[in-house]
Structure formats: C-alpha cells, structure tokens
Number of protein chains: 2
Amino acid sequence: MPETRVAAQELEAFAAAIFEKVGLSPEDAATEAHVLVWANLRGIDSHGVLRIPQYVASVERGGMNPHAHIRIERETPAVLLIEADHAFGPVVTTLAMRCAIAKAAQVGVGWAVIRNTTHQGAMGYYALMAAEEGMAGLAIVCNPPNMAPTGAKAAGVHNSPIAIAVPAKQHGALVLDMATSVAAFGKIQLAIDKGIPIPAGWALDQDGNPTTDPRQARILLPAGGYKGYGLALMFECLTSLFAGNPLLEPILLHTGTVRPGTQNSVVAAVNIAAFGDVEAYREHIDRLIEGIKALPKAEGVEEILVPGEPERRVLAERQAQGIPLPEGTVRNLREVASRLGVPLPPALA
Amino acid sequence: MPETRVAAQELEAFAAAIFEKVGLSPEDAATEAHVLVWANLRGIDSHGVLRIPQYVASVERGGMNPHAHIRIERETPAVLLIEADHAFGPVVTTLAMRCAIAKAAQVGVGWAVIRNTTHQGAMGYYALMAAEEGMAGLAIVCNPPNMAPTGAKAAGVHNSPIAIAVPAKQHGALVLDMATSVAAFGKIQLAIDKGIPIPAGWALDQDGNPTTDPRQARILLPAGGYKGYGLALMFECLTSLFAGNPLLEPILLHTGTVRPGTQNSVVAAVNIAAFGDVEAYREHIDRLIEGIKALPKAEGVEEILVPGEPERRVLAERQAQGIPLPEGTVRNLREVASRLGVPLPPALA
C-alpha cells in the first residue's frame, strides 16, 4: 500500500489547525491533536489522525461539542464526577487525569468519573500521564453495545478497553492498553483492506452467526470467553452507571437512544509514594521487565515482550522517520483540509 | 463420585473449631471458616473446606501464621498499607476491606494494599463486602509465578484473579471473580479426577511444551493470550510492588526465595453515593441484568448468565440441601479432625 511519511510535529500542527477551525480553543485543539499524534507515533493508527474527518463530521452533526461547558459536579478529596457536555475526549480526559493525579498526590488515590465524553483516543495515554508522575494509572471507557455476551447472538456489551500503566526507571513504563474483545474493529478493517479472512472466534455477522468474512463482521466476540464479557459488563457499571448515564440499558431494553459518540469513562491514579519508596518501585519494575524478557522462549519466538514495548519501538522509528499515512488517510485529510481551508503539511500538499 | 452432604452451619462450626485448635482466636477462626464455607455454598469448592488440611499443614510448617501481628503501616484518608505478617488471608483481607469501605464512605474511594497475606479464599467475597454497603468492590491478588507470559515456555507471572462486584436492587449483586488464566489448576485437578484430557491451550508441561494430559500440566496459559498475560503482570505491579514485596522478580532472576504461601493483594471500594443516587444505581443494574438476559440466544444456549448468577443458583440449592463433599475431601477432613482431636460434624462422623 503506498504511504506518505509526515513528521509528527507537522502532523500535529495540521491537526490542531483543523480542530481550531471547527471551534476548539487553541489550547483544546493542541491537546486533541497531541493525543491523536501520540497514538500515530506509537503505531496505534486506528486511534490517530485517521479519525479527523469523522470528528469534523461529528461536530457538524452536533455530536462532539467544540464549545463544551465542562463542569465538575461532585468532588471530595479523593474523587470527582465530571459532566463533559460532549467535549472532545482528550480535552476532558486530560483534565480528569490531572485532577486525579492531584488528589492522589494529596491522599494517595484519585478517582475521576467522566459523563458524556466523546472519543478519547488511546486510553493508554491517560494511564501513562499518571505513570509519568510516579503513580499507577488506570483508564476505562464504555460505549454503546458492539460485543456479544457469552451465549448471546447480539451485541449486549461494549468491548470496553482498559489501560493500566506504571513507571520504570531505566526501561520505559509498562503500559497495558487492551480491549475486552478478541480483536477490535480496527483489525477487522485491516483484514478488509488486505482482502483476507478473519480467524474464527473474532466476530458474528448481523444475524449473530459466526463469520470469518471481515466484510460481514458486525458484532465482536469477547476475549477469553466469559472473562472478556464479564470485564466489559463490569466496566459499564464502573463508568456509565457511576455517572448515572447508562449506555447499554437503553439499547438493550429499547427504552431510549444514545447521542452518537457518547462515552463514559473513569480514570484513576494511585500514588506509589503513599505506600513506599518510588525509586525502589521503579527499580523493581526494571527487574521485573528484565526477568520476564529473560524467560526461555517458546519455539519460533524471537523475543518476549512486555506491555508498552511494541509501541515504544514504533515510536523510536517514527520519531526518526516520520509517521507513515496510507493513501486513504491522506486522501481523507486532503479533502477535509480543502473544505475547511486549512493548509496541508508540506509532505501531504 | 460418592459424596456426603453437610449443612453449611455444621461445616462452618467444624472449620472454626479446627482453626481455633491451630491457634487462631475464636473471632479469627470464625472469619476464616465463614469465608471458606461461603465459597462452598456457591459451588467454588476449590476455595472451600478442601483447603483445611493444607492450611493446617502450612501452620505446622511455619507458613500461615495463626498469631499474626497485623499492622497498618501507612494510612491517609483514602488509602492504607497493611503488613499482614502471614495472617490467614480472610482475617486480614476482611479487615482491609472494612477499612477501605470506611474510607470510601468518607472520601468516595478506599484503596488498601496488603503485604504478606496468605491464601485469601475466593476474592469475590471481599468485592461483595463493598457491594453490600452500596459500593463497587475490587479485589486483586498476586502469588509467585505459575503462568507463562505470551511467547515464554516457563512460568513468569501468576494467574492473578480479579474480583469486581456492584449492588443490584431486586436481583443479586453482579460479582465477577476470574483468574487471568484460561483455566485454573482446580479445573485441571478435576480433569485428573475424571480421567479426561484437558483442552489444548490450557497448560504447558514442565518443559514448557503444550500438553492435553492434565497430569503433565505444570504451567498455566493466559486467557485471551497477551491480554491475560498483560493483566497478570500489571496486577503484580498494583499489589506486590506497591507493597514493596515482589513475588515474581526473585523467582525470575533467582535472587531470592518467597516464603511458601505468601500473597500480596489490593482491595478497594468506590462509594456510589459520592457520585449520585444509590437507589437509582441499583435500579440501573437490575435493568442492565434484565437487558442482557433478554438478548437473543446463540444456538444450543438455554440462558444468558450474568457474573455471579451461576454461584447464586448453587447457593440456593446448597442452603436447602447442604454442601456435597466428595469422598476425598471427607477422608482428608476426618484425618485432620482425628489428629487435632476436633469432633466431626454428625454427617461426616
């Protein structure tokens, strides 16, 4: 597939200009652009700038709100509840995690529930914010149903991702960022683009029957069977229901609709210093990583990886070589840039 | 397999008498017995009274400590760190969760890390303690390695379980209690007892090769591939490393040993009332359960279950009919009762 390399800085400036054009403040536009390009830099392209055209369309349809009035509705020394007013996800979620970190610095843990956010990008970003402050970070999100509970032939839960990050010393932070489905829709889209079937066990078609044709895949299947289903269900309870804003119930019981793009979320920080010595913690993480990587390898395996490591390798390469954008993404970005009158980065012009 | 039914109350009194005999205070012995029989009542027999002989042996070998000096080492309005001094798990973990609940009642969240506990029984018990107080409960535990990281042919992480519970109104609480492995050793033991093979993908033998012979199974495999591995690794970071007491590192790097039976853990409570109306929350859980159960069923599926539901059905039956103990368990309990001079429940005498 032909692709064009763009320097991260140029791509981020371009994305920010687009977001300013649709109404975000310069500061919010920069935050949104930064979180998207952060994902591209790490190879998480499904959560990168390919989203820009759909975000612009969402603003135009009245989904994502560039002028959101974000309000802290409840607050204690350890927790807070934020009404996001359909703000761009990174704008409200970075705020929420900063608040959680500040609370954790004071009382050891900060727990922030966000109601009515929109697409937050890669959840690992927020977990890593805490790790960069010497804390453990946790981030969970829930959306309307797209995954079948075990035994069902229809969507009933969302393949809610969870991200957890902790800081190391010499090594990069451990960052786990995983959906609760076997595979996310991004991988199914990739199979469509490549013209190859998907493995059995990834998805059901619209009638709830198993399929290996990625073009027929409509309903995801949970990772680890009832374990992925169980986690996804509990994540709705920890996010949407704590926010008093159910996203599964109205669809399941046909009692209401959900404004397109709505998400609820929780981000939390736990302060290592409240429990012990942070430097000792970081050194233990280093040795844990080294111990895991030194294990005997299964046949055909070149290296045992730890969470966050594959992304960091892509980061090194893309910081040096630029971010490769496939033809389709470039075409879509050109269209939206032309329509909004925003200059393209030189590499894409 | 022949089995004997014993009323829960009789079994609990017997277990408590055993634990008093090995040195626990009457109150601690009652707590330990209650948590074990709680598991039996729900069909989680692998975490029930079959453990009694091994607990007694552990006390005699200097593992579990019936006279533990449990100390709260660090405390803020939201978090605490407990040194368990190798106390019986339920003794220290119920204390930890009570503290977490009290903190959550004050500031919205309570987060308790436990160092040097021993076997805690079924983690769902502690998560449910919070749900019974109108809170979400979370419980995680880590032990020395028994599961292979993705790509490894040796154990490098523990199949650390996580339990999450939230309260409903008319329905029973949602209680998820899952290991991060495809199957736990209890299921492998069951296959040995039944003389049947285990499915491919459950376990490796002692040389790290895949096996379907349950008698050769030594190393568990993670649920959902790298997802189960990733969760397990992060759970060590959230428990043992917050407690400054690594359980994987010394084994992986051959730098030390771990006192047999040592576990580290975290239990947390998040107070629904700090975010909104508890009754409304409970009603949303009811409707979520009803919505999930009303989904169209896959072929051959009689009913879609929610987390905690299978256990509650067993509970109803065993409360009425007593707890069935297989011949082997009865024999082991008789032996330990005879050796310690503790009278057996009439049904087992």
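Source: prediction; values computed, not measured.

### Structural notes on the state of the cysteines
Within the structure shown, the criterion is met by 0 disulfides over all chains. Cysteine C237 of chain B is unpaired, with the sulfur of C142 of chain B as its nearest cysteine sulfur at 8.6 Å.

### Quick word on the packing of helix α1 (residues 8-21) of chain A against helix α2 (residues 26-41) of chain A
Each pair of packed helices can be summarised by the angle the axes make with each other and by the distance between the axes. Residues and elements named next belong to chain A. Look at α1 against α2: their axes get within 8 Å of each other, and the N-to-C directions meet at 140°. Of the possible angle classes, the one that applies to α1 and α2 is oblique. Where α1 crosses over α2, the handedness of that crossing is right-handed. Contacts between α1 and α2 involve A8, L11, E12, A15, A16, F19 and E20 from the former and P26, A29, A30, E32, A33, H34, L36, V37, N40 and L41 from the latter. Grouping the constituent residues of the contact of α1 with α2 by class yields 12 nonpolar, 2 polar and 3 charged.

### Description of α1 of chain A
Structurally, the α-helix is built with 3.6 residues per turn, so residues lying three or four positions apart point the same way. Residues and elements named next belong to chain A. When the terminal C-alpha atoms of α1 are compared, their 20 Å separation across 14 residues agrees well with the 20 Å that a helix rising 1.5 Å per residue should span. The set of residues buried in α1 consists of A8, L11, F14, A15, A16, I18 and F19. The inward-facing, buried residues of α1 contact β1 (3-6), α2, α3 (52-61), β12 (323-326) and α11 (327-340). One or two steps after α1, the chain reaches G23, where phi turns positive at roughly 120°.

### Some details on the packing of aromatic side chains
Counted according to the given criterion, the structure contains 14 aromatic pairs over all chains. When the ring of F19 of chain A is compared with that of Y55 of chain A, the centres are 6.3 Å apart and the planes differ by 40°; the resulting orientation is tilted. You can see F19 of chain A sitting in helix α1 and its partner Y55 of chain A sitting in helix α3, a full 36 residues away along the chain. Taking the centre distance of 5.3 Å and the plane angle of 70° together, the rings of F242 of chain A and Y281 of chain B count as edge-to-face. Residue F242 of chain A is found in the loop between α7 (226-238) and α8 (249-252), and its partner Y281 of chain B is found in helix α9 (residues 278-293); the two belong to separate chains.

Conventions and cut-offs
Residues numbered from 1 in each chain as written. Chains lettered and ligands numbered in written order. Predicted model: local features only at pLDDT ≥ 70, side-chain atom pairs only at ≥ 80, totals over all residues. Heavy atoms only, no water. Disulfide = S-S within 2.5 Å. Axes fitted to C-alpha atoms, helices over the stretch in contact; angles between N-to-C directions. Helix = DSSP H or I, 4+ residues; strand = E, 2+ residues; numbered from the N terminus. Parallel < 35°, antiparallel > 145°, perpendicular 65-115°, else oblique. Left-handed = near helix turned anticlockwise from the far one by under 90°. Contact = heavy atoms within 4.5 Å. Nonpolar A, V, L, I, M, F, W, Y, C, P; charged D, E, K, R; others polar. Expected span 1.5 Å × (residues − 1). Buried < 20%, exposed > 50% of the residue type's maximum accessible area, 1.4 Å probe, protein only. Phe/Tyr/Trp six-rings, centres within 6.5 Å; stacked < 30°, edge-to-face > 60°.

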